[in-house]
Protein chains: 2
Amino acid sequence: MTGHTQRGQCFKRMSILDAAADVFCRQGFAGASIDEIAAVACVSRQTIYNHYREKETLFVAVVEDVMNRANTMLFSMLSTFPENADNLEDDLTAFVVRLNKNCICNHDGKFLRKLVQTEGERYPHLFESWRQHGPGKLTTALSALFARLSHKGALVIDDFDVAARQFVALGNADLQMSVLFGGMPTDEELEKAARNAVRTFLKAYGRPATEKAGVQPQLAAVSG
Amino acid sequence: MTGHTQRGQCFKRMSILDAAADVFCRQGFAGASIDEIAAVACVSRQTIYNHYREKETLFVAVVEDVMNRANTMLFSMLSTFPENADNLEDDLTAFVVRLNKNCICNHDGKFLRKLVQTEGERYPHLFESWRQHGPGKLTTALSALFARLSHKGALVIDDFDVAARQFVALGNADLQMSVLFGGMPTDEELEKAARNAVRTFLKAYGRPATEKAGVQPQLAAVSG
DNA sequence: GTAAAATTAGACGCCATTGTCTAAGTCGTC
DNA sequence: GACGACTTAGACAATGGCGTCTAATTTTAC
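Residues numbered from 1 in each chain as written. Chains lettered and ligands numbered in written order. Predicted model: local features only at pLDDT ≥ 70, side-chain atom pairs only at ≥ 80, totals over all residues. Heavy atoms only, no water.

Asks: What am I meant to see in the relation of the copies chain A and chain B here?
Replies: To go from the first copy of the chain to the second, apply a rotation about an axis and then a shift along the same axis. Overlaying chain A on chain B yields an RMSD of 0.1 Å, the required transformation being a rotation through 180 degrees with an accompanying axial translation of 0.0 Å. Both chain copies can therefore be described as sitting about a two-fold axis. When each C-alpha of chain A is compared by its distance to the rotation axis, Ala204(A) comes out closest, at 2.0 Å. (Least-squares fit on C-alpha atoms with pLDDT ≥ 70 in both.)

This is the structure:
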């Protein structure tokens, strides 16, 4: 039980999980074969059965693994919120780029969207967990961010939750097709899509403002 | 070869196609079994092989059938565009409700989204066809509509294509979760989601203001 | 070096599914 | 009633995947 053994076991485990994620994502649960997973993982079939009792056990483990990784990444993204309203358009744009690149348009994001959609009805608890810790947490955090920015007078929003969902939707508007395809968008596409999204969002919810320092009268009253 | 025989064949064919759509949608291509399709269709397995050479032939036929129905429905939806700018918010809202109810949140829409995502990489031509005749045609038509409304002075839009994609994205913003789930949203949800979408869209792209009834004070100030 | 643990390749039984085939049955038309 | 087209239930071989087992080999621990 020293470090080496653990590392060796962990290595195989990770190799299996990665390969299984790849194959499950491409073929779906029913279409994926243990033999193919073993081949991709460069591991014998027996080793897989040594770590996971059966195919379904492996599948659940894979989904939970990817979900954990994705949730951790999302959490770290949420800590990069632009709290400063000085340069909101650029800051929000950069945030959307980061979010899309690291959480939504990456391998894990693709895997989760695909698998949740195909196997979600068969594993309701997995789906529910993903919904809460993924999109749920994102919109909650965005909603709180928009509330703070509204109090600062940088935004004019009546319903923060709706605004949060719309913000996410706008951020994906130009990428829906690329992502649905399976092909990841280029950095240029990501940048342009984010810029379009944030501009429209700010046209709708941005301070009607003219001069930078000024704050909406009615909001200034609330801000105390 | 009389009418009756033909009708009988058509009836069986339709029955098979409907059942296959149901089973393929729930189980995916690999997970679906011909026997289950036959059982759902109340037809013997041999009858299926009589109409379709093999499983893949049946699958392609099902997808094409659903796509044709969905495209026809979308085409008829596009003819109900609100060209009159008198009551744009209500008209656009009603249009979004119709679109979501009849094209996106219905059985066919769910089927296509799910199948295109899972089997799209295996059948690129099917996916490409869907992309062109479905979302592609929708955004093209919306783009043209927004151009007309802009020329009338009812909207202020710089990039019609981007606005069209954003319009669609906003229209789905509040329904993403319900739809991803598999459960169809209620009429009330549809109405509220469409209202939220159109309000935000018009805040971003609507004519700065008019002397119409309920206009935001700060927007009225800008209207000059 | 030795023992324990993990891994491997391969064979195996089992079961589900695919696609074919056959013999019987149904339905409508002449 | 006879005929043809279609359907049906069931048997059938072939395939492939799952999960188990074994014996040999490698890796790791001490």
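Asks: How should the environment of Asn84(B) be read in this particular structure?
Replies: All names here are of chain B. Counting through the fold element by element, Asn84 comes out in the loop between helix H4 (55-78) and helix H5 (88-104). For Asn84, a relative accessible area of 43% gives the class partly exposed. Separated by 68 residues in sequence, Asn84 and Lys152 have C-alpha atoms that sit 9.4 Å apart. Beyond its immediate sequence surroundings of up to four residues, Asn84 is in contact with Asp91 and Lys152. Of the polar contacts made by the side chain of Asn84, one reaches the backbone nitrogen of Asp86; its length is 2.9 Å. (Helix = DSSP H or I, 4+ residues; strand = E, 2+ residues; numbered from the N terminus. Buried < 20%, exposed > 50% of the residue type's maximum accessible area, 1.4 Å probe, protein only. Contact = heavy atoms within 4.5 Å. Polar contact = N/O pair within 3.5 Å; in protein donor to acceptor, adjacent residues only side chain to side chain.)

Asks: Before we go on, may I ask you to explain the interface of chain A and chain B in this structure?
Replies: Much of the literature gives interface size as the accessible area that the parts lose upon coming together. Residue-level contacts link 40 residues of chain A with 37 residues of chain B. Counting the surface lost from both chain A and chain B, the interface buries some 3500 Å², and carbon and sulfur atoms represent 58% of this. Note that Arg165(B) is salt-bridged to Asp174(A), the shortest N-O span being 2.8 Å. Inspection of the chain A/chain B interface yields 12 residue pairs in polar contact (both at pLDDT 80 or more). Residue assignment for the side of chain A that touches chain B shows that the elements contributing at least two residues are helix H1 (3-31), helix H6 (107-119), helix H7 (124-151), helix H8 (160-173), helix H9 (176-181) and helix H10 (187-205) of chain A. Taken together, the residues of the side of chain A that touches chain B break down into 17 nonpolar, 11 polar and 12 charged. (Buried area = accessible area lost by both parts, 1.4 Å probe. Salt bridge = Lys/Arg side-chain N within 4 Å of Asp/Glu carboxyl O. Nonpolar A, V, L, I, M, F, W, Y, C, P; charged D, E, K, R; others polar.)

Asks: I tried to follow the side chain of Gln166(A) on my own but got confused; where do I start?
Replies: Tracing the chain through its elements places Gln166(A) in helix H8. Beyond its immediate chain neighbours, meaning those up to four positions away, Gln166(A) contacts Tyr205(A), Leu170(B), Ala173(B), Asn196(B), Ala197(B) and Thr200(B).

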